[in-house]
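As a plain string of letters, each chain reads:
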Amino acid sequence: MHALSMKNLTIFLIPAAFLTATIWFFPQVATLPPGRLELLPFIPYLTMALGMMLSFHFHRGRAFFVFLVLIAVYWSFRGHLNGAPTGITATVLFQSVCVLVPLNITLFSLMRERGIMTVAGRLRFAFLALQALFVGWAMEPGHVAVQQLLSCRFTESHLLAGLQLPQPALPVIVLGTAVVIGRAARGQSPIDASLLGVMAAFVVACNGIGAEFVTPVFMAAAAAILTLGVLKDSYNMAFRDELTGLPSRRALNEQLTWLGRRYTVAMVDVDHFKRFNDTYGHDVGDQVLRMVASKLRGVGGGGKVYRYGGEEFTILFHRKEREEVLADLEGLRRTIADYQMRLRGTDRPSSSKEGKKLRYGTGRGNATVSVTVSIGVAESSADRRRPADVIKAADQALYRAKGGGRNRVCS
């Protein structure tokens, strides 16, 4: 598992903030007017239904099936439990759910998006249906071995004595949490990050099953966190370039709608990019684009970088004049030109760790290439009031940089 950095962990900020807000708000629930408290048990249904509809609309199958699990569990709790579980039927239901839901959250975090009404989606429906049948079977009298397994106590620790959660669920929750954290930190997927919030909220909801208001409030919080993850993931799909991770041209167009009168635009183009593709293949071309994008992120002067399309990028300097950013752009050009990019060879190792060493120059045997960029710069002015005019002027400056020999900044 890759080491987790602070940058990786920022993906968890929204779920953590929402869960913290729920914990802070919970003591105020009891003070709500009686009419609103009567509606509280139905809020999780509404939140889950909204999340399911959004997941279906945006084709987010993993989130859809987690919503399906949550709504089935909450419906089961409402039908069989009135507070803490009593009796064999309610107890087995509660214990089974405490094990299976964290397990399903973990499994869905590891699965790839395969749609909902697809072959893979139908298999996932069947997988969940089999679990429901198992729980129903285990709830029937006579299945003593399963019931004893679910109620097994591994230790009599005082730390665990106050938990409502069955002890067999604890290793599933701990290991599942570690898997979800690692998956989300590596993939930087808002849905994966929200699954961690769902796991935490669900654990609180189950452990507070005997306390008033805890279960509906935290089941609603779990659904809301996952809904936010679906929305954030869909936003990223629309406004973020998948290859480079930079904001896309659509995001640039949105940004340009509210700019003031003072700003500078730089258009950046990778020199001889077609030659890289023709010589080394599209995989190396993608490698070049990712490398250039990573260098562009380090531009000074407060520049915000976007992928404009193909091998072309845009840097937007808000409240900056052209002369203020030329030195930063020249430094950026030199940084890219001086970087020796190590190409992946056909004999690259199967280990991704070793491959990364070779790719970034700490390994041996692979060839290196230099990449250069041409940059055209233009600022807003009385003659260029519209953003489209500034971009056009920057494009014209870029053509002059290309025509003048490439690997230069022109304004």
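> Break down a positive patch on the surface for me, citing the residues and quoting the values.
On the surface, Lys-232, Arg-240, Arg-297 and Lys-304 cluster together into a patch of positive charge. Mapping Arg-240 onto the fold places it in the loop between helix 12 (214-239) and helix 13 (249-256). Assessed through its relative accessible area of 37%, Arg-240 is described here as partly exposed.

> Outline a nonpolar patch on the surface, supporting the account with residue identities and numerical values.
Judged by side-chain polarity, Ile-14, Phe-18, Leu-228 and Leu-231 come together as a nonpolar surface patch covering roughly 310 Å² of accessible area. Those elements that provide at least two residues to the nonpolar patch are helix 2 (13-29) and helix 12. Within the secondary structure layout, Leu-231 lies in helix 12.

> An account of the packing of helix 14 (residues 273-280) against helix 15 (residues 282-296) is needed here, citing residue identities and associated values.
Relative to each other, helix 14 and helix 15 sit at 140°, their axes nearing to 7 Å. Looking at the two axes, helix 14 sits oblique to helix 15. Along its contact with helix 14, which presents Phe-273, Phe-276, Asn-277 and Tyr-280, the element helix 15 presents His-282, Val-284, Gly-285, Val-288 and Leu-289. For the contact of helix 14 with helix 15, the class distribution of residues is six nonpolar, three polar and no charged.

> Hey, could you go over the pairing of strand 2 (residues 304-309) for me, with residue numbers and the actual values?
Sheet analysis places strand 2 next to strand 3 (residues 312-318), joined by five bridges and oriented antiparallel. Bridge pairing in strand 3 places Arg-307 opposite Phe-313. In this structure, the hairpin formed by strand 2 and strand 3 is closed by a connection of two residues, where Gly-310 is found at a positive phi of approximately 60°.

> Which residues make up the packing of helix 11 (residues 190-207) against helix 12, and what are the values?
Interhelical geometry of helix 11 versus helix 12 gives an angle of 180° and a closest axis separation of 8 Å. It follows from the interaxial angle that helix 11 and helix 12 lie roughly antiparallel. Note on element contacts: helix 12 touches helix 11 through Val-214, Thr-215, Phe-218, Met-219, Ala-222, Ile-225, Leu-226, Gly-229, Val-230, Lys-232, Asp-233 and Asn-236, opposite Pro-190, Ile-191, Ser-194, Leu-195, Gly-197, Val-198, Ala-201, Phe-202, Val-204 and Ala-205. A per-class count over the contact of helix 11 with helix 12 returns 15 nonpolar, five polar and two charged.

> Which residues make up the environment of Val-265, and what are the values?
Within the secondary structure, Val-265 is located in strand 1 (residues 263-270). The spacing of Val-265 and Glu-379 is 114 residues in sequence and 6.1 Å in space, taken between C-alpha atoms. With residues near it in sequence (within four places) discarded, Val-265 still touches Thr-314, Ile-315, Leu-316, Gly-376, Val-377, Ala-378, Val-390, Ile-391 and Ala-394.

> Give a detailed account of the sheet that holds strand 1, specifying residues and quantitative values.
The strand order 2-3-1-6-7 describes an open sheet built from five strands, whose pairing is mixed. Of all the strands in the sheet, just strand 2 and strand 7 (409-410) have a single pairing partner and so form its edges. Its contacts with the sheet put helix 13 on strand 2 and strand 3, and the angle it makes with strand 2 is roughly 125°. In the packing of helix 15 onto the sheet, the strands contacted are strand 1, strand 2, strand 3 and strand 6 (373-379), and the crossing angle to strand 3 comes to about 10°.

> Summarise the confidence of the model for the chain; cite the residues concerned and give the values.
Of all residues in the chain, 92% attain a pLDDT of 70 or more, and the chain-wide mean is 86. Considering each helix and strand of the chain separately, the mean pLDDT is smallest for helix 17 (residues 352-359), with a value of 47, and largest for helix 4 (residues 43-57), with 95. Segment residues 346-365: pLDDT under 50, and 17 contacts once partners within four positions in sequence are set aside and those in other chains are kept.

> An account of the pairing of strand 3 is requested, with residue identities and associated values reported.
Extensive coverage of strand 3 is indicated by the burial of six of its seven residues. Sheet analysis places strand 1 next to strand 3, joined by seven bridges and oriented antiparallel. Residue pairing across strands places Val-268 opposite Phe-313, the latter belonging to strand 3.

> Could you give me a rundown of the nonpolar core, with the residues and numbers involved?
Ranked by size, the top nonpolar core spans 67 residues in total, and within it Phe-67, Leu-70, Val-73, Phe-77, Phe-202, Met-219 and Leu-226 carry the most contacts. With residues near it in sequence (within four places) discarded, Val-73 still touches Val-97, Val-101, Phe-202 and Met-219. Counting 29 residues, the second largest nonpolar core, distinct from the first, contains Phe-276, Val-292, Val-305 and Leu-343.

> An account of the pattern of salt bridges is needed here, citing residue identities and associated values.
All chains considered together, the criterion is met by 14 salt bridges. Taking the shortest distance from any N to any O, the salt bridge between Glu-323 and Arg-322 comes out at 3.6 Å. In this structure, a network of salt bridges that share partners links the residues Arg-62, Glu-113, Arg-183 and Asp-192.

Criteria and thresholds
- Residues numbered from 1 in each chain as written.
- Predicted model: local features only at pLDDT ≥ 70, side-chain atom pairs only at ≥ 80, totals over all residues.
- Heavy atoms only, no water.
- Patch = residues over 30% accessible without salt bridge, like charges linked within 9 Å, V, L, I, M, F, W, Y side chains within 5 Å.
- Areas by Shrake-Rupley, 256 points an atom, 1.4 Å probe, with all protein chains shown as cover.
- Salt bridge = Lys/Arg side-chain N within 4 Å of Asp/Glu carboxyl O.
- Lys, Arg positive; Asp, Glu negative; His and termini not counted.
- Charge placed at Lys NZ, Arg CZ, Asp CG, Glu CD.
- Helix = DSSP H or I, 4+ residues; strand = E, 2+ residues; numbered from the N terminus.
- Buried < 20%, exposed > 50% of the residue type's maximum accessible area, 1.4 Å probe, protein only.
- Axes fitted to C-alpha atoms, helices over the stretch in contact; angles between N-to-C directions.
- Parallel < 35°, antiparallel > 145°, perpendicular 65-115°, else oblique.
- Contact = heavy atoms within 4.5 Å.
- Nonpolar A, V, L, I, M, F, W, Y, C, P; charged D, E, K, R; others polar.
- Pairing = 2+ DSSP bridges.
- pLDDT = per-residue confidence, 0-100.
- Core = buried A, V, L, I, M, F, W, Y, C linked by side-chain atoms within 4.5 Å.

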